[in-house]
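In case you want the letters, here they are:
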Amino acid sequence: MDARSPDLTPDTAGWRTDAPATKSLPEVNATVAIPAAGRWWRRMLAFVGPGYLVSVGYMDPGNWATDLAGGSKFGYTLLSVILLSNLMAILLQSLAARLGIVTDRDLAQACRATYSPAVNFLLWLACEAAIIACDLAEVIGTAIALKLLFGIPLIGGALLAALDAFLLLLLMNRGFRFLEAFVIALLAVIAVCFAVQIVAAAPPVAEVVHGFMPKAEIFTNPEMLYIAIGIIGATVMPHNLYLHSSIVQTRAYERNDEGRREAIKWATTDSTIALMLALFINAAILVVAAATFHKSGHSDVAEIGQAFELLSPLLGLGIASTLFAVALLASGLNSTVTATLAGQIVMEGFLDLRLPSWARRLLTRGIAIVPVIVVTAIYGERGTADLLVFSQVVLSMQLPFAVIPLVRFVSDRRKMGKFAIPAYVAAIAWIVAGVIVILNVKLLSDTLFG
């Protein structure tokens, strides 16, 4: 029998028999206790946390760049894209959680246990490219926030942002719950900051509601489509699928059918609620940009620094710009911490490295951070908005390499047994994967051939 999935044998489970049996994030795997008795809400609360770590990636500084650009240029039109991408994220993250809980493998490990070494190496390269693109957005966003709040030069702020590897080490050494508490606290700061700005902006409710209705022009207008794909790339992030499939395993649920069934239920509830918070924050950024910049004729506001300078004067609220920068800093700190953790999961899962935890984190961080520092040093403040939007498009281009294996695995009854997703859910998931591929082909076509 396969020790990692007691109900499945190697001959029938569809996994390669030579796949390594290392647990995902072994230092924290099954370390969060689940109450054996008591009211249902106590058990539910024990599962709260991983969804919020995942939701961080759905409101990182890359989202800010695409949301600001979309709101200032096209008003409320792209709210429908934010809603669609959030629904896609809810589905895909629930599938990632299911994979981790049922198979005791994260997505990277599942790929390694299924595909040939050559294919796995290419998938690892694609995922590393996505993490570098993600880090580009997060480090630049953090550096900009530090400059706006404290006057720290951009390159200095970028170097400071690289120290998050040590912050992650500190939090993980205290226990996984400390990491989750840190992330949730910063998410609360972001939510409060934007709630105040939404009240100050006072957007027309009817126009906001209308913005959530899909428009054909999004697909026919190349400039709008470019930002829309950037929003999808900024929202449905490939590294989050690897992250979620790993961190759900930190819960010490019973590794049997009943325990897994309950874990899937509460993990899905956790991620769905957390991603609704991400929907609010993403929509709030775009709504504030539309109500403040688009309405006043500032349709070219795409840079975060420019938004910071204009926000207080246009809203007539002196603290608005400061709240904006504080939320950006909280977002950047959260995102770099979770991206570092995702980098560790991806490298361990695909390459099965055997290194001390501190060395693994420094190595994975170094691979991602060096290109970020170089790009930041070259571009400086000029062009950072274009870099942020471009980074999100790169993320979108990497999505099929994570989404297609994920949907394939959770649909496979050999791998998932009775926990394989129903045919109608698989159909929806394949449609989502198809939409992502079609949008990416359209983007490439417009980019290469005009």
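Remember, it's a predicted structure, so these values are computed and weren't measured experimentally.

Caption draft 1: View of the overall build of the protein chain. Assigned secondary structure in the protein chain consists of 21 helices and 0 strands. Residues counted as buried form 58% of the 450 residues belonging to the protein chain. Long-range contacts, defined as pairs at least 24 residues apart, comprise 84% of the intrachain contacts of the protein chain with a sequence gap of at least 6. With the model as given, the accessible surface of the protein chain reaches about 17,000 Å², and the carbon-plus-sulfur share is 68%.

Caption draft 2: Expanded view of helix H16 (residues 304–315). Between the first and last C-alpha of H16 there are 16 Å, a value that for 12 residues agrees with the 16 Å anticipated at 1.5 Å per step. The first or second residue beyond H16 is Gly316, which carries a positive phi of 70°.

Caption draft 3: Spatial organisation of helix H5 (residues 79–103). Given a rise of 1.5 Å per residue, 25 residues ought to cover 36 Å, and the 36 Å separating the end C-alpha atoms of H5 matches this to within 8%. Most of H5 is tucked away, with 22 of its 25 residues classed as buried. Just past H5, the residue Asp104 takes up positive phi, approximately 60°.

Caption draft 4: Looking closely at the nonpolar core. Of all hydrophobic cores here, the largest spans 142 residues; its most connected members are Leu78, Leu95, Leu179 and Leu341. It is helix H15 (residues 257–294) that contributes the most residues to this core, 19 residues altogether. When neighbours within four sequence positions are excluded, Leu341 is seen to be in contact with Leu25, Leu53, Leu168, Met172, Phe176, Leu179, Leu243 and Ile247. Grouped together as the second largest cluster of nonpolar side chains are 7 residues, Ala130, Cys134, Met237 and Val394 included.

Caption draft 5: Main features of the pattern of salt bridges. Under the definition given, this model contains 9 salt bridges. Close ionic contact of Arg177 with Glu180 constitutes a salt bridge, the shortest N to O distance being 2.9 Å. Of the two residues, Arg177 and Glu180 are both situated in helix H10 (residues 176–201); the distance of 3 residues between them amounts to about one turn of the helix. In this structure Arg177 comes out as partly exposed when scored by relative accessible area, which is 35%. A salt bridge links Asp412 to Lys415, with the nearest nitrogen and oxygen atoms 3.7 Å apart. A relative accessible area of 15% places Asp412 in the buried class. Each member of the salt-bridge network shares a partner with another, and the members are Asp104, Arg255 and Arg260.

Caption draft 6: Molecular detail of the confidence of the model for the protein chain. Averaged over all residues, the pLDDT of the protein chain is 83; the fraction at 70 or higher stands at 88%. When pLDDT is averaged over each helix and strand of the protein chain, the minimum, 51, is found for helix H1 (residues 10–13) and the maximum, 95, for helix H6 (residues 107–112). Here residues 1–11 scores under 50 on pLDDT; set against residues more than four positions off or in separate chains, the count is 30 contacts.

Caption draft 7: Inspection of the packing of aromatic side chains at higher detail. Under the counting rule described, the total for this entry stands at 5 aromatic pairs. Ring centres of Tyr115 and Phe409 lie 5.9 Å apart, and the angle between their planes is 35°; this geometry places the pair in the tilted category. Here Tyr115, found in the loop between H6 and helix H7 (117–150), pairs with Phe409, found in helix H19 (residues 384–411); they are 294 residues apart in sequence, far enough to count as distant. Taken as a pair, Tyr115 and Phe409 share a single burial class, namely buried. An aromatic cluster is built from Trp15, Tyr115 and Phe409, whose rings are joined through pairwise contacts.

Caption draft 8: Seen up close, unusual backbone geometry. Unlike most non-glycine residues, Leu25 shows phi in positive territory, near 45°. One can find Leu25 in the loop between H1 and helix H2 (40–47). One non-glycine residue, Ala202, lies in positive phi territory at about 45°. One can find Ala202 in the loop between H10 and helix H11 (205–211).

About the cut-offs
Along each chain, residues carry numbers from 1 onward, in the same order as the chain's sequence is written. With the structure being a predicted model, the display of local features is reserved for residues of pLDDT at least 70 and the display and counting of side-chain atom pairs for 80 or more, all residues being used for whole-chain, interface and lining totals. To obtain the side-chain values, all non-hydrogen atoms of the structure were used and water was disregarded. Secondary structure elements are defined from DSSP: runs of H or I of at least 4 residues count as helices, runs of E of at least 2 residues count as strands, and each element is numbered from the N terminus. Working definition: with a 1.4 Å probe on protein chains only, accessible area under 20% of the residue-type maximum means buried, over 50% means exposed, and in between means partly exposed. Note on contacts: a residue pair qualifies if any of its non-hydrogen atoms lie within 4.5 Å across the two residues. Reported accessibility uses the Shrake-Rupley method at a 1.4 Å probe radius. Residues are deemed covered only where the shown protein chains occlude them. The length a helix should cover is 1.5 Å for every residue beyond the first. Grouping buried Ala, Val, Leu, Ile, Met, Phe, Trp, Tyr and Cys residues that are joined through side-chain atoms within 4.5 Å yields what is termed a nonpolar core. Only one rule defines a salt bridge in this text: a Lys or Arg side-chain nitrogen within 4 Å of an Asp or Glu carboxyl oxygen. pLDDT gives the predictor's per-residue confidence on a scale running from 0 to 100. Under the pairing criterion, centres of Phe, Tyr and Trp rings, with the six-membered ring standing for Trp, must be within 6.5 Å; the plane angle then separates stacked pairs below 30 degrees from edge-to-face pairs above 60, leaving the rest tilted.

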